[in-house]
Amino acid sequence: MILGLWLDQPVWLMFALLAGVFLAVCALLSLLSNLPWTRPGMRLLATGIVPPYIGVVAVLLALLTGFVANDAWERQRQASRVLQAERSHALAVYDLSIASAPDMSGLRSSLFAYLDAVVKEEWPSMAATGASAPSAGQALGRLLQTAADPRTASEAGEATHAALLEAVMQLRSTRSERLALSAARSDESKWLTLLVLAALTLTAIALVHCERPVAQATTLFLFSAAMVTTLGVIALHERPFDGPLALSPEPIRLARAAMEASGR
């Protein structure tokens, strides 16, 4: 819930909120290290802790950050591959309808209706709610019904009919995969674990530099700046069909325009 609310914000506000969280933790640690009534307790806790101890928690944080980043980038790459595959299958359906002997203008009209529904209705719906558009599903159903018509097999031949039907089924499959990626929700537990490990790393830094306030403030700031930058960039790739780096339906729109420009 909280993660979804954060990811729904503009880019500048996402980074600002993340920076605010780290700033609050750093300010709390600095106050605990320097206020007269909390300083003795902090120094007691810091006694005997050596600087290399920071690396123990930082390594765990680095490993989890790499895992989360890889997951986000892989989802983005997979969504991009699915989009290109959907475009390719749509072009294959169109090319097969042109190459076959009988007139398949009805099938091409169904294909155009499906592509228009994807670009104009389904893409905005995915960005807003992650859901499909009923009109796109209905258009795809009509396209499949037209391609599966037994008269197509008798007029175009079994080989052409099989290839056409296979291309339409591949188009249907890539749409289902795209919708599954769009509907998948982010795992909040991994982000919560990241923030907990980041807070523990900040605590370790504060304890190691407890007796040197300037060095403590400098190291806390540098680590926080690095984490805000890293986590913010990862968050931008968390949703492939929503947000500032969301994939555009432009490849499908251009494919649709190229089909119409052929004038056949």
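Nothing here was measured: the structure is a model prediction, and the numbers come from that model. Each chain has its residues counted from 1, running along the sequence as written. Given that this is a predicted model, residues contribute local features only at a pLDDT of at least 70 and side-chain atom pairs are listed and counted only at 80 or more, while totals for whole chains, interfaces and linings are drawn from all residues. Hydrogens and waters are ignored; side-chain quantities use all the structure's heavy atoms.

Q: Break down the UniProt feature "transmembrane region" (unreviewed entry) in the chain for me, citing the residues and quoting the values.
A: Following the UniProt record, the feature "transmembrane region" (unreviewed entry) maps to residues 12–33, 53–73, 191–208 and 214–236 here. Secondary structure elements are defined from DSSP: runs of H or I of at least 4 residues count as helices, runs of E of at least 2 residues count as strands, and each element is numbered from the N terminus. With 100% helix and 0% strand, the stretch residues 191–208 has end C-alpha atoms that lie 26 Å from each other. This span, residues 214–236, is 100% helix and 0% strand, and a straight line between its end C-alpha atoms measures 33 Å. UniProt positions are given in the numbering used here, feature names are shortened, and annotations may be inferred rather than shown by experiment.

Q: Please give an account of the nonpolar core that cites residues and values.
A: Each nonpolar core is a collection of buried residues, namely Ala, Val, Leu, Ile, Met, Phe, Trp, Tyr and Cys, held together in the definition by side-chain atoms within 4.5 Å. Exposure is judged per residue with a 1.4 Å probe applied to protein chains only, and the accessible area is read against the type maximum: over 50% gives exposed, under 20% gives buried, and values in between give partly exposed. Leu-111, Tyr-114 and Met-259 are the most contacted members of the largest nonpolar core, which totals 34 residues. No other element matches helix H5 (residues 105–129), which puts 10 residues into this core. The contact criterion used throughout is that any non-hydrogen atoms of two residues lie within 4.5 Å. Apart from the residues lying within four places of it in its own chain, the contact partners of Tyr-114 are Glu-86, Ala-136, Ala-139, Leu-140, Leu-171, Arg-175 and Arg-178. Ranked by size, the runner-up nonpolar core spans 32 residues in total, among them Leu-7, Val-68, Leu-202 and Val-228.

Q: Any chance you could break down the state of the cysteines for me, citing the residues and the numbers?
A: To count as a disulfide, a pair of cysteine sulfur atoms needs to be within 2.5 Å. Considering all chains together, one arrives at zero disulfides under this definition. We note that Cys-26 lacks a disulfide partner, and the nearest cysteine sulfur, in Cys-210, lies 14 Å from it. Residue classification places Cys-210 among the buried residues on the basis of a relative accessible area of 2%.

Q: Lay out the packing of aromatic side chains with the relevant residues and their values.
A: Note on aromatic contacts: the rings of Phe and Tyr and the six-membered ring of Trp form a pair at centre separations within 6.5 Å, being stacked when their planes are under 30 degrees apart, edge-to-face when over 60 apart, and tilted otherwise. On inspection of all chains with the given rule, the structure shows three aromatic pairs. Seen in terms of ring centroids, Trp-6 and Trp-191 are 5.6 Å apart; in terms of plane orientation they differ by 75°. Their pairing is edge-to-face. Here Trp-6 is found in helix H1 (residues 2–7), whereas its partner Trp-191 is found in helix H9 (residues 188–208), with 185 residues between them in sequence. Like Trp-191, Trp-6 is buried. Lysine NZ or arginine CZ positioned within 6 Å of the ring centre and within 35 degrees of the ring normal marks a charge as sitting over the ring. In this structure, Arg-256 packs its charged tip against the face of Phe-112, placed 4.3 Å from the ring centre.

Q: For the environment of Ala-199, give the residues involved together with the corresponding values.
A: Within the secondary structure layout, Ala-199 lies in helix H9. Look at Ala-199 and you get partly exposed, because its relative accessible area is 27%. Taking C-alpha positions, Ala-199 is 9.9 Å from Val-57, a pair spaced 142 residues apart along the chain.

Q: Could you give me a rundown of the packing of helix H2 (residues 11–34) against helix H10 (residues 213–236), with the residues and numbers involved?
A: Between H2 and H10, whose axes approach to 9 Å, the crossing angle comes to 155°. Our classification of the angle between H2 and H10 gives roughly antiparallel. Crossing angle aside, the handedness with which H2 passes H10 is right-handed. Contacts from Val-11, Met-14, Phe-15, Leu-18, Ala-19, Phe-22, Cys-26, Leu-29, Ser-30, Ser-33 and Asn-34 in H2 reach Pro-213, Gln-216, Leu-220, Ser-224, Met-227, Val-228, Thr-229, Leu-231, Gly-232, Val-233, Ala-235 and Leu-236 in H10. A per-class count over the contact of H2 with H10 returns 16 nonpolar, seven polar and no charged. Axis definition: a line fitted to C-alpha atoms, limited for helices to the stretch in contact. Angles are taken between N-to-C directions and run from 0 to 180 degrees. Reported orientations rely on four angle classes, namely roughly parallel under 35 degrees, roughly antiparallel over 145, roughly perpendicular from 65 to 115, and oblique for the rest. Put simply, a crossing is left-handed when the front helix is turned counterclockwise from the back one by less than a right angle, and right-handed when it is turned clockwise. Side-chain classes follow a simple rule in which Ala, Val, Leu, Ile, Met, Phe, Trp, Tyr, Cys and Pro form the nonpolar group, Asp, Glu, Lys and Arg form the charged group, and the remainder, Gly included, forms the polar group.

Q: Which residues make up the pattern of salt bridges, and what are the values?
A: We define a salt bridge as a contact between a side-chain nitrogen of Lys or Arg and a carboxyl oxygen of Asp or Glu at a distance within 4 Å. One pass over the structure, following the stated rule, counts 13 salt bridges. For the salt bridge of Glu-238 with Lys-190, the shortest nitrogen-to-oxygen distance reads 3.6 Å. Of this pair, Glu-238 sits in the loop between H10 and helix H11 (250–262) while Lys-190 sits in helix H9, placing them 48 residues apart in sequence. One exposure class covers both Glu-238 and Lys-190, and it is buried. The structure contains a network of salt bridges with shared partners spanning Asp-71, Arg-75, Lys-190 and Glu-238.

Q: Got a sec to walk through helix H8 (residues 158–183)? Specific residues and values, please.
A: To estimate how far a helix should extend, the number of its residues minus one is multiplied by 1.5 Å. Here H8 spans 37 Å end to end across 26 residues, near enough to the 38 Å set by a 1.5 Å rise per residue. Listing the buried residues of H8 in full gives His-161, Leu-164, Ala-167, Val-168, Leu-171, Thr-174, Arg-175, Arg-178, Leu-179, Leu-181 and Ser-182.

Q: Outline the side chain of Arg-75, supporting the account with residue identities and numerical values.
A: Take Arg-75: it is sitting in helix H4 (residues 54–99). Given the relative accessible area of 15%, Arg-75 is considered buried. Side-chain atoms alone can form a polar contact between residues adjacent in sequence; in general such a contact is a pair of N or O atoms within 3.5 Å, and within protein one must be able to donate a hydrogen while the other accepts it. A polar contact of 3.0 Å, which involves the side chain of Arg-75, links it to the backbone oxygen of Glu-238. Contacts of Arg-75, omitting those with residues within four sequence positions, involve Leu-181, Lys-190, Glu-238 and Pro-240.

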